[in-house]
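Listed here are the chains, written in short residue letters.
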Amino acid sequence: MSNALEVTNLKASIGDLEILRGVDLVVPFGEVHAVMGPNGSGKSTLCHVLMGKSDYEASGDAFVDGVDIMGMAVDERARAGLFEAFQYPTEIPGVTLDDLTEAMAASNPSDEGYAARESATTKTLSMEPFRERFVNVGLSGGEKKRSEMYLLGVAKPKMAILDEIDSGLDIDAVREVAAMVEAMRSDDMGILVITHYSRILRYMAVDKVHVMVNGKIVQSGGPEVAEELESGGYTELQAANAR
Amino acid sequence: MTAPAIPGTDVPDWLVARRSEASRRLGDLAMPSEREEIWRYLDLDFDPAFGSAPSQPGVAGDSDELTELWTGKVVSVIDGFVTDRGASTVASVSEQIDEGAGNDLFATAYDALAPGAVLIDGDHLSEKVFVDVQTTGVATTFPGVHVDVPPGSEASVVVRFRSTTDAPAVVVPRLTADVGDNARLALTVIQDWNYQTRAMARAVVNLGRDSGLTLSEVGLGAKIGRLHLDVNFIGRGSWAKIYGVYFGEDDQTLDYRYFMNHIGTNTRSDMFLKGAVEDDALSVFTGMIRIETTGIKTEAFQTNRNLILSSGASAQSVPNLEILANDVKCGHGSSVGPLDEDQRYYLMSRGLTPDVADRLQIRGFFEETISKIPHRDLLPWIRERINTKYITAQEEGRV
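Predicted model only: the values in this text are computed from it and were never measured.

Draft legend 1. A look at the overall build of chain A. The secondary structure content of chain A amounts to eight helices and 12 strands. Relative to the globule expectation of 18 Å for 243 residues, the C-alpha radius of gyration of chain A, 17 Å, shows essentially globular dimensions. Put simply, chain A has 243 residues, and 47% of those count as buried. Partitioning the intrachain contacts of chain A with sequence separation of at least 6 by distance along the chain shows that 72% fall at a separation of at least 24.

Printed below as a string of structure tokens:
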């Protein structure tokens, strides 16, 4: 059986700067994994490279539900079932959230479930007042994350990568986002939470924690890995895995 | 040259005098020079053919989608002639109305040759008015609209310019409005000439004390679509919101020269124009905020955003400030550039193809302005026309 996400020896660079130096990662369906790492370790690059952002030169393999996505354009990867919740969601002035979800549904005509997921996720995340507003325009940090989670619920991907969804949030908002991630958990989706802090992991159950340092996953294990990092920090791991 | 006769019998003396005086001057005037800032960027190498001004209107076009969307009164101006029975013309009002339109070649030609503007005043303002201005042939024509909003009242007027044929016409439209004390005018201009037409429009609006103007322009057609606008904030506390959307393709030039003249105290202007150009089109926006010594406590802002969608297209965006008073607040923003890469990436990451992502971005770009146009029943038509222009350009591989 295929996994939600399988990444093998993924490398990425901008010019001469090598940012990802061979990442290996497997997220099975139904599981929630976390990637933790210090600033500059390549966490956000991992998101962008998997999503297909053109700023990078990338090599290696990445499969979503067994489908090779590396040669695909950004939108093809999305339609293949990959979703990225952005750390800094882009504002789209003049386009409402409803306009966007309508265009998403039209882009994926074989999936007839959009309308049902829209109303279900609207209820779960109390999104009613936001649907007529312009995408991410004038939203607070917490509201932007909620909007991203709403789009995740509507898109219903096979694999969701949540890039620093806890950044810039106060503790109540972090707790709320963690609860949303929990609510999204399902047997036909894998979730990867990218975070700098272990804080959010206190409020959600993760199956596995991967530690990324200098462009590589250097440690993987159960939730206890996050706790160890909490006390020890990244310094030791960084020293041991210097470029 | 002989000016076309003014229909009707009661042509006032001032109008007769103005016409003959302007006719005398017209013979000595040359085409304006592109070396003058106010005409810069324009290709004025054409024959204005003023001698071809018709002596009677051609055959009016049928009502169309836009007039059918309209729920108020419709008045037609065909080849410069007010053709509706019962519609008033400016022959019945004073000569004051055209003050400030200037005396360049086109303004003088209008003064000499226009067969009379339609007058929309107190008697006609109980319902909103749609002025359907049409040209029907190759002739050079001079349509005019004057709106007179009495103190304390409200007026809602749409002026739509269109061509009923593909003929390469020259049109010199003039729009003037006097907005009385504490009165309101919502005026929307839809410029939809055919792509052969050179239109040199002149507009002057005078604002009385505590009066307000919402003026929107939608620039779709014309080979040269020029609008030279003066808003005179004469009464204290007067304000104006100026909106513009334009989309140029082919070899169109869309040329906007907007002058906000703050004379009274505590006046306020907001200009917000958004445009896109593709193919070999050119857009020009020069916005001037001029605050006279008397214009203290003026607040004046202008924003002009332009999208360049093809390598052959260009946009000139030139905000200007001339401030002679103290204690004022002014601001301007101007940008010219391609579609936003971050927006495209974000939308594609939601599964939208690049084409669909760009269409959505274009729609959003214009929606910020279109949604502010007060004539809401026309908005679906405006959206559709602009989006269709873009989608056609995509399908034909120009953007």
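Draft legend 2. Inspection of the overall build of chain B at higher detail. Scanning chain B from terminus to terminus reveals six helices and 21 strands. Against the compact-globule benchmark of 21 Å for 399 residues, chain B has a radius of gyration of 21 Å, which places it among compact chains. Taking the principal axes of the C-alpha coordinates as reference, chain B spans close to 70 × 50 × 45 Å. Counting all 399 residues of chain B, 51% fall into the buried class. Contacts in chain B between residues far apart in sequence, at least 24 positions, make up 84% of those at least 6 positions apart.

Draft legend 3. Broad picture of helix H6 (residues 379-395) of chain B. All names here are of chain B. A rise of 1.5 Å per residue sets the reference length of H6, with its 17 residues, at 24 Å; its end C-alpha atoms lie 24 Å apart and thus fit the reference within 8%. Within the span of H6, buried status applies to Ile382, Ile386, Tyr390 and Ala393. Down the axis of H6, the sector holding all buried residues measures 60°, keeping them to one side. Of the exposed residues in H6, those oriented more than 90 degrees away from the buried face are Pro380, Glu384, Thr388 and Glu395. Residues of H6 that are buried sit in contact with strand S13 (212-219), strand S15 (239-248) and helix H5 (354-370). Phi turns positive one or two residues past the end of H6, at Gly397, with a value near 75°.

Draft legend 4. Expanded view of the environment of A:Met184. All names here are of chain A. Relative to the elements of secondary structure, Met184 occurs in helix H6 (residues 171-184). Given 20 C-beta atoms within a 10 Å radius, Met184 is considered buried. With sequence-adjacent residues up to four places away left out, Met184 is seen in contact with Met149, Leu152, Gly153 and Ile191.

Draft legend 5. A look at the interface of chain A and chain B. Between chain A and chain B, the contact holds 21 residues from the first and 21 residues from the second. If you list the elements that add at least two residues to the side of chain A that touches chain B, you get helix H2 (74-79), strand S7 (92-96), helix H3 (97-107) and helix H5 (141-155) of chain A. Broken down by element, the side of chain A that touches chain B gets its largest block of residues, five residues, from H3(A). Looking at the side of chain A that touches chain B, its residues break down into 12 nonpolar, four polar and five charged.

Draft legend 6. Layout of the confidence of the model for chain B. The pLDDT averaged across chain B works out to 93; a share of 95% of its residues lies at or above 70. The ipTM value of the predicted complex is 0.95, and its pTM value is 0.93.

Draft legend 7. Main features of unusual backbone geometry. Unusually for a residue other than glycine, A:Glu164 sits at a positive phi of about 45°. Inspection of the secondary structure puts A:Glu164 in the loop between strand S9 (159-163) and H6. Under the C-beta neighbour-count criterion, A:Glu164 is labelled buried, with 21 such atoms within 10 Å. We note that B:Lys297 has phi near 60°; this positive angle belongs to a residue other than glycine. Relative to the helices and strands, B:Lys297 is located in the loop between strand S18 (282-291) and strand S19 (299-308).

Draft legend 8. Just the sheet that holds strand S11 (residues 208-213) of chain A, in detail. All names here are of chain A. A sheet is described by the order of its strands in space; here six strands give the open sequence S6-S9-S10-S3-S11-S12, paired in mixed fashion. Each edge of the open sheet carries a strand with a single partner, namely strand S6 (82-85) and strand S12 (216-221). Recorded for the sheet is a direction-independent mean angle of 20° between the axes of neighbouring strands. Note that strand S3 (residues 32-36) and strand S10 (residues 190-195) share five bridges and pair parallel.

Draft legend 9. View of the pairing of strand S14 (residues 224-233) of chain B. Residues and elements named next belong to chain B. With 10 of 10 residues buried, S14 is to be regarded as a mostly interior element. In S14, alternate side chains face the same way, and those of Ile224, Arg226, His228, Asp230 and Asn232 on one face and Gly225, Leu227, Leu229, Val231 and Phe233 on the other are all buried. With 10 bridges connecting them, strand S12 (residues 198-207) and S14 associate as parallel partners. The residue bridging Arg202 from the neighbouring strand is His228, located in S14.

Draft legend 10. Structural detail: the pairing of S15(B). All names here are of chain B. Of all 10 residues that make up S15, eight are buried, and the element is covered over most of its length. The pairing of S13 with S15 spans eight bridges and is parallel. Among the inter-strand pairings, Val218 is bridged to a residue of S15, identified as Val245.

Draft legend 11. Representation of the environment of B:Val118 in the model. Here B:Val118 shows up in strand S4 (residues 118-120). Distance from B:Val118 to B:His146, taken between C-alpha atoms, is 6.1 Å for residues 28 residues apart in sequence.

Draft legend 12. A look at the sheet that holds S13(B). Residues and elements named next belong to chain B. If you walk across this open sheet you meet the 10 strands as S2-S1-S5-S8-S11-S13-S15-S17-S19-S21, and the pairing is mixed. With partners counted over all chains shown, the strands left at the sheet margins are strand S2 (81-82) and strand S21 (329-337), one partner each. When strand S1 (residues 73-78) meets S2, the two strands line up antiparallel, connected through two bridges. Its bridge partner lying in S2, Ile78 is registered against Phe81. Packing of H5 onto the sheet brings it into contact with S15, strand S17 (268-277) and S19, and relative to S17 it is tilted by some 155°.

Draft legend 13. View of the packing of helix H4 (residues 341-348) of chain B against H5(B). Residue and element names in this part refer to chain B. Closest axis-to-axis distance for the H4/H5 pair is 9 Å, and the angle between their directions is 125°. Taken together, H4 and H5 sit at an angle that is classed as oblique. Every pair of crossing elements has a handedness; the one defined by H4 and H5 is right-handed. Facing Gln343, Arg344, Leu347 and Met348 of H4, the residues of H5 in contact are Pro354, Ala357, Asp358, Leu360 and Gln361. Residues that form the contact of H4 with H5 fall into these classes: five nonpolar, two polar and two charged.

Cut-offs used in this document
Residues numbered from 1 in each chain as written. Chains lettered and ligands numbered in written order. Predicted model: local features only at pLDDT ≥ 70, side-chain atom pairs only at ≥ 80, totals over all residues. Helix = DSSP H or I, 4+ residues; strand = E, 2+ residues; numbered from the N terminus. Rg over C-alpha atoms; globule rule 2.2 N^0.38 Å. Buried ≥ 20, exposed ≤ 12 C-beta atoms within 10 Å, placed from the backbone. Contact = placed C-beta atoms within 7 Å. Expected span 1.5 Å × (residues − 1). Arc of directions from axis to C-beta. Nonpolar A, V, L, I, M, F, W, Y, C, P; charged D, E, K, R; others polar. pLDDT = per-residue confidence, 0-100. Pairing = 2+ DSSP bridges. Axes fitted to C-alpha atoms, helices over the stretch in contact; angles between N-to-C directions. Parallel < 35°, antiparallel > 145°, perpendicular 65-115°, else oblique. Left-handed = near helix turned anticlockwise from the far one by under 90°.

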